[in-house]
Amino acid sequence: MPEIIIDGRRLKCEEGETVLDVCKRNRIEVPTLCYHEAIESWGGCRLCMVEISHPKWPGWSNWVTACLYPVQDGLVVGTNTTRVRRLRATVLDLLLARCPNSSVIQKLAAEYGVEDTNYEPRLDGDNCILCGLCVRVCDEVIGVTAIGTANRGASKEISEPLKEPPVDCIGCAACAYVCPTDVIQVIQTPDYRVIWDRTFDMYKCVECGISHITVEQKDWLIAKDNLPADYYDLCDICKRKHTAEKQKELSML
Amino acid sequence: MKQLIIKPKLCTNCHICELACSFKHSMEFDLAHSRVKTIFHAEDDLTVPEICLQCIDPSCMKGCPTGALYLDDRINCIRVNYDSCIGCLSCVVSCPFGNMLQDRSKPGHVYKCDLCDGDPVCARFCPTGALTYVEIEPLTGSVEMELEKVEAEVG
């Protein structure tokens, strides 16, 4: 079992883990924006950069993204050294220029001493940092690939195919939930949900009319778990009432 | 193995379990934040405290597309790993008993009974013993026999 040293602490880890996994388990704080446990790491935001060294490389050190770097026995990691902090400050300086109005970025940048960006801020843009979490959750977890990236370079953006309401979207709003800077707009009413310019009808409880999921999401869940078509007919409150009814009958026996 | 036992006949609908649960998890006395919900049946004058049953074959875990729900086998409890949750509410709609809850003020935020890490406050504060967290023997006889045993205990 490999052992690594993070910030002076000798920590046991499993084969194949990344440095970030070990940090998270041991409550060592490493800032991340494009990382999510349920989604494959991508190393896009460059915020989780750490400094590594090894007894076998005397005098050498390197910077790597903690979310992608696999552990190896004897690795020495610094998560909060001066050089790491300077590196993160540069990344945050650039992110702040991209989305100067994002409170998440402002807060993180302030933690690293960046109050104002040294670059020209993009004042008319949205708060998207192009971390791609929304695209990846849609592709990897939900498996419908309703959204993607469009264009290249400075004009790259997250977009629906052909900028039209995405036909494959099931309206689950997982993209909005995982978005680190809360860019994706969801309009939620009891009857419908609007996301990516597409309006979804909600699947309502047959007894009280409360809804949690969209009709498309219900179909997706039924296909995924191979369930009867009426499995999702009741909302949690009505199901709870039915359970209580059952338990009442049981206790009256 | 300890389990949370519900005895509706002993419940007086005092809501103390809900208040204790809410305070433990959100530092607020708000019944909406409670993991346990008491449901009053006026016609029989009986209240049933509803709480996660910690199923052996949990539907919430099966419905979750990311594996964010996991079994804490130390206390036999299904828990939520919020770092893996993507807020799709599949677990809320999958639970056949309605015991997976959703925070209505925060879209996508789900919560469930976590047995307070092995010391459920609902059972600790229940004044009548309607909710108890006790050591139980695994079921051996028929369901009827077990029910009779419970009947004899409750009276």
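Everything quoted here is computed from the prediction, not taken from an experiment. (Residues numbered from 1 in each chain as written. Chains lettered and ligands numbered in written order. Predicted model: local features only at pLDDT ≥ 70, side-chain atom pairs only at ≥ 80, totals over all residues. Heavy atoms only, no water.)

1. Notes on the overall build of chain A
Each helix and strand counted, chain A has seven helices and eleven strands in total. Relative to the compact-globule value of 18 Å for 253 residues, chain A shows a C-alpha radius of gyration of 23 Å, a clear excess of over 25%. If one aligns the C-alpha atoms of chain A with their principal axes, the spans along those axes are about 75 × 55 × 30 Å. Buried residues in chain A amount to 49% of all 253 residues. (Helix = DSSP H or I, 4+ residues; strand = E, 2+ residues; numbered from the N terminus. Rg over C-alpha atoms; globule rule 2.2 N^0.38 Å. Buried < 20%, exposed > 50% of the residue type's maximum accessible area, 1.4 Å probe, protein only.)

2. Considering the confidence of the model for chain B
Looking at chain B, the pLDDT average stands at 88 and 96% of residues meet or exceed 70. This complex was scored by the predictor with a pTM of 0.87 and an ipTM of 0.84. (pLDDT = per-residue confidence, 0-100.)

3. Let's talk about the layout of surface pockets
The volume enclosed by the second largest pocket comes to roughly 1,100 Å³. Along the wall of the second largest pocket there are 40 residues; nearest its centre are A176(A), Y177(A), V178(A), P107(B) and G108(B). For the lining of the second largest pocket, the secondary structure elements donating two or more residues are α5 (174–178), β8 (186–188) and β11 (211–214) of chain A. Examining the composition of the lining of the second largest pocket, we find that three residues originate from one element, α5(A), more than from any other. (1 Å grid on protein atoms, 1.4 Å probe; cavity = no way out; pocket = protein on both sides within 12 Å on 5 of 7 lines; lining within 4 Å. Points joined across faces, edges and corners; volume = space filled by probe spheres on them.)

4. As for the interface of chain B and chain A
The partner chain A presents 34 residues to the 45 residues of chain B that form the contact. With both chains or domains summed, chain B and chain A bury close to 3,100 Å², and 56% of this area falls on carbon and sulfur atoms. If you sort the residues of chain B by the area they bury against chain A, I86(B), V93(B) and R104(B) come out on top, with a joint share of 19%. Counting across the chain B and chain A interface gives three salt bridges. Residues E43(B) and K248(A) are paired through a salt bridge, measuring 3.5 Å at the closest nitrogen-oxygen approach. The interface formed by chain B and chain A holds 16 residue pairs in polar contact (both at pLDDT 80 or more) in total. Listed by contribution, the elements that provide at least two residues to the side of chain B that touches chain A are β2 (37–41), β3 (46–50), α2 (59–63), α3 (90–94), β6 (101–102) and α5 (143–154) of chain B. Per-class residue counts for the side of chain B that touches chain A are 22 nonpolar, 14 polar and nine charged. (Contact = heavy atoms within 4.5 Å. Buried area = accessible area lost by both parts, 1.4 Å probe. Salt bridge = Lys/Arg side-chain N within 4 Å of Asp/Glu carboxyl O. Polar contact = N/O pair within 3.5 Å; in protein donor to acceptor, adjacent residues only side chain to side chain. Nonpolar A, V, L, I, M, F, W, Y, C, P; charged D, E, K, R; others polar.)

5. Some words on the sheet that holds strand β1 (residues 3–6) of chain A
Residue and element names in this part refer to chain A. Strand order in this open sheet of five strands is β2-β1-β5-β3-β4, and the pairing throughout is mixed. In the strand order of this sheet, the two ends are held by β2 (9–12) and β4 (62–65), each with one partner. Between one strand and the next, the sheet's axes are offset by a mean angle of 35°, whatever the strand orientation. The pairing of β1 with β2 spans four bridges and is classified as antiparallel. From the neighbouring strand, I4 faces β2, where its bridge partner is L11. Of the strands in this sheet, β3 (49–53), β4 and β5 (76–78) touch helix α2 (residues 82–98), which is tilted by about 150° from β3. (Pairing = 2+ DSSP bridges. Axes fitted to C-alpha atoms, helices over the stretch in contact; angles between N-to-C directions.)

6. Brief notes about the packing of α2(A) against helix α3 (residues 103–111) of chain A
Residues and elements named next belong to chain A. In the contact formed by α2 and α3, the axes pass within 9 Å of each other and the chain directions differ by 150°. In this view, α2 runs roughly antiparallel relative to α3, as classed from their interaxial angle. When you trace α2 past α3, the crossing you get is left-handed. Seen from α2, the contacting residues are R85, L92, L95 and L96; seen from α3, they are I105, Q106, L108, A109 and E111. Taken together, the residues that form the contact of α2 with α3 break down as six nonpolar, one polar and two charged. (Parallel < 35°, antiparallel > 145°, perpendicular 65-115°, else oblique. Left-handed = near helix turned anticlockwise from the far one by under 90°.)

7. Here we look at the environment of H15(B)
Residue and element names in this part refer to chain B. The residue H15 is located in the loop between β1 (2–6) and α1 (16–26) in this model. Through-space distance from the C-alpha of H15 to that of Q3 is 21 Å; in sequence the pair is twelve residues apart. Once residues within four sequence positions are removed from consideration, H15 is found in contact with L31 and T38. One polar contact links H15 to E18, side chain to side chain, over a distance of 2.6 Å.

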